[in-house]
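What the coordinates show
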Amino acid sequence: KLSNSLGAADIATALHPYTNARRHEEAGPMVMRRGDGVRVEDAQGKTYIEALAGLWSVAVGFSEPRLVEAARRQMEALPYYHSFAHKAHEPAIRLGEKLVEMTPEGLDRVFFTNSGSEANDTVVKMVWYMNNALGRPEKKKFLARTKGYHGITVASGSLTGLPANHRDFDLPVIPVTHLTCPHHYRFGRDGESEADFTARLLAEAEEVIEREGPETIAAFIGEPLMAAGGVMPPPEGYWPGIEALCRKHDILLVSDEVICGFGRLGSPFGCTHYGFTPDIMVTSKQLTSSYMPLAAVIFSEKIYDAIADNSAKIGTFGHGFTGSGHPVATAVGLENLAIIEERDLMGNAARMGARLQEGLRRFAGHELVGEVRGTGLIAGLELVRDKATRESFDPVGKVGTLAFEIAHEEGMVIRNVGDTLALCPPLIVTEADVDEIVARMGRILDRTLEKVKA
Ligand code: PLP
């Protein structure tokens, strides 16, 4: 009764993010009410293994009492304060210090926002402000990639490379060029080796830089492993090649680690995993296990100096949010990072990630599966109509949605990005959890195949 009335109220009042609204009116919400470790329970009492960690984000699981206690303590001491006009408080200072310590050499300054999208908007504004300050106002363009995901505000949504997001919202509104998505399975040409594919993408990037003029290009932004666009690891050599191009042409390199950061790939950060050093890193999600909204832009002293020198001249760096460095969010972030370290959850992600990847690769021969991909605790299985030709189902997403619904019936939460089934479980998963995820995935694939054939 309760869930029925909740469902009716939701249908009557809500517009859901990233949801087909008319379909939602028919199907109603899946109301969640409780979390326990890697599992969540809906209002009917059905439990699910949460194989997407919420939205790729809950590192420590759904019932960590230390995060609750950290929030409670901070709520009691100082529930809110801001950081405008020289104000500060301990949790934000300590978390900033911790992030500088954890991230690679050269990332020495931190700016907090509430979300990954705001963090990427902040990157755009910081880079523009810096180049204005350095007397090169024409250096404003961004390079990003097709199928990259950097958020949904008007600037971060412009960096995102999903054509539908642009078409439906009149984006981009900032100068950005989207380069080819570095996914060999889909964007490699017939017979092109991975090495040749990488060389072609690097040549394309250099050609764009030279055509547009390096003096007009401010930054390159990318996810180390492209996640929300369909879990696509980069080809070997791609990142070192991009880093070299950025250095050669004085272009800032931005690593969007909103999903890859804090151990997801089995390494501390995506950039450490793929061997490059960014000038700016963007983190969020696993930073607080998403118990509180928080994101951090971590950047070099050189960028800081340009901003600081300019604000000394003109007065103020006029950017920031009411919630920038929120004390409760930063207190939760600090405790969350302490748990990740104390319990060696990054090491666990590497070990359990290897088991997950091995388990899922058993489905490479499955009739429905075109490619199994991923590294660490993030994986994607792309479903295709024809394995030999890689032909997709038409329309793309129909079979993925079917598998997504079957997954719910099977008691597992996943996400379908078109026809790619994405998995990204909490970093606390055990061997038994991983084996269960793999076993359930097997049933989901078999049942989806039966329906496709029927
Ligand atoms: N950047 C990346 C790589 C993301 O995956 C996301 C969200 O999924 C964002 C940015 C945007 O973060 P938010 O949803 O907190 O605005």
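Residues numbered from 1 in each chain as written. Predicted model: local features only at pLDDT ≥ 70, side-chain atom pairs only at ≥ 80, totals over all residues.

**Here's the deal with the overall build of the chain**
Helices and strands together make up the secondary structure of the chain, namely 17 helices and 15 strands. A globule of 454 residues ought to have a C-alpha radius of gyration of about 22 Å, and the chain, at 22 Å, matches this closely. Judged by the C-alpha coordinates and their principal axes, the chain covers about 70 × 60 × 45 Å. A burial count over the chain gives 47% of its 454 residues as buried. Pairs at least 24 residues apart make up 71% of the contacts formed inside the chain by residues separated by at least 6 positions. (Helix = DSSP H or I, 4+ residues; strand = E, 2+ residues; numbered from the N terminus. Rg over C-alpha atoms; globule rule 2.2 N^0.38 Å. Buried ≥ 20, exposed ≤ 12 C-beta atoms within 10 Å, placed from the backbone. Contact = placed C-beta atoms within 7 Å.)

**Quick notes on helix 17 (residues 431-453)**
Here helix 17 spans 33 Å end to end across 23 residues, near enough to the 33 Å set by a 1.5 Å rise per residue. Listed in full, the buried residues belonging to helix 17 are Asp 433, Val 434, Ile 437, Met 441, Ile 444, Leu 445 and Thr 448. In this structure, the buried residues of helix 17 make contact with strand 3 (47-50), helix 15 (345-361), strand 11 (369-375), helix 16 (398-409), strand 13 (412-413) and strand 15 (420-423). (Expected span 1.5 Å × (residues − 1).)

**A look at the pairing of strand 10 (residues 295-299)**
Burial analysis of strand 10 places five of its five residues in the buried class, the great majority of the element. Where burial is concerned, the two faces of strand 10 agree: the one with Ala 295, Val 297 and Phe 299 and the one with Ala 296 and Ile 298 are both buried. Sheet analysis places strand 4 (residues 109-113) next to strand 10, joined by five bridges and oriented antiparallel. What sits directly across from Val 110, in strand 10, is Ile 298. Both strand 9 (residues 280-283) and strand 10 contribute to a ladder of four bridges, which runs antiparallel. Within strand 10, the residue paired with Met 281 across the bridge is Ile 298. (Pairing = 2+ DSSP bridges.)

**Quick look at the domain arrangement of the chain**
Once the domains are mapped, the chain shows domain 1 (31-63 + 344-453) and domain 2 (67-342). Opposite the 25 residues of domain 1 that make contact, domain 2 presents 24 residues. Of all elements in the fold, only helix 3 (53-56), helix 15, strand 11, strand 12 (378-383) and strand 15 reach the threshold of two or more residues within the side of domain 1 that touches domain 2. Considering every element that reaches the side of domain 1 that touches domain 2, the biggest residue donor is helix 15, with five residues. Residue composition of the side of domain 1 that touches domain 2, grouped by class: 14 nonpolar, nine polar and two charged. (Domains from an automatic or database assignment. Nonpolar A, V, L, I, M, F, W, Y, C, P; charged D, E, K, R; others polar.)

**Some thoughts on the site of the ligand**
The ligand sits among 14 residues. The nearest are Ser 115, Gly 116, Ser 117, Gly 151 and Val 258. Element by element, the count of residues in the shell around the ligand is highest for helix 6 (residues 116-133), at three residues. Residues of the shell around the ligand, tallied by class, amount to five nonpolar, seven polar and two charged. (Near = placed C-beta within 6 Å.)

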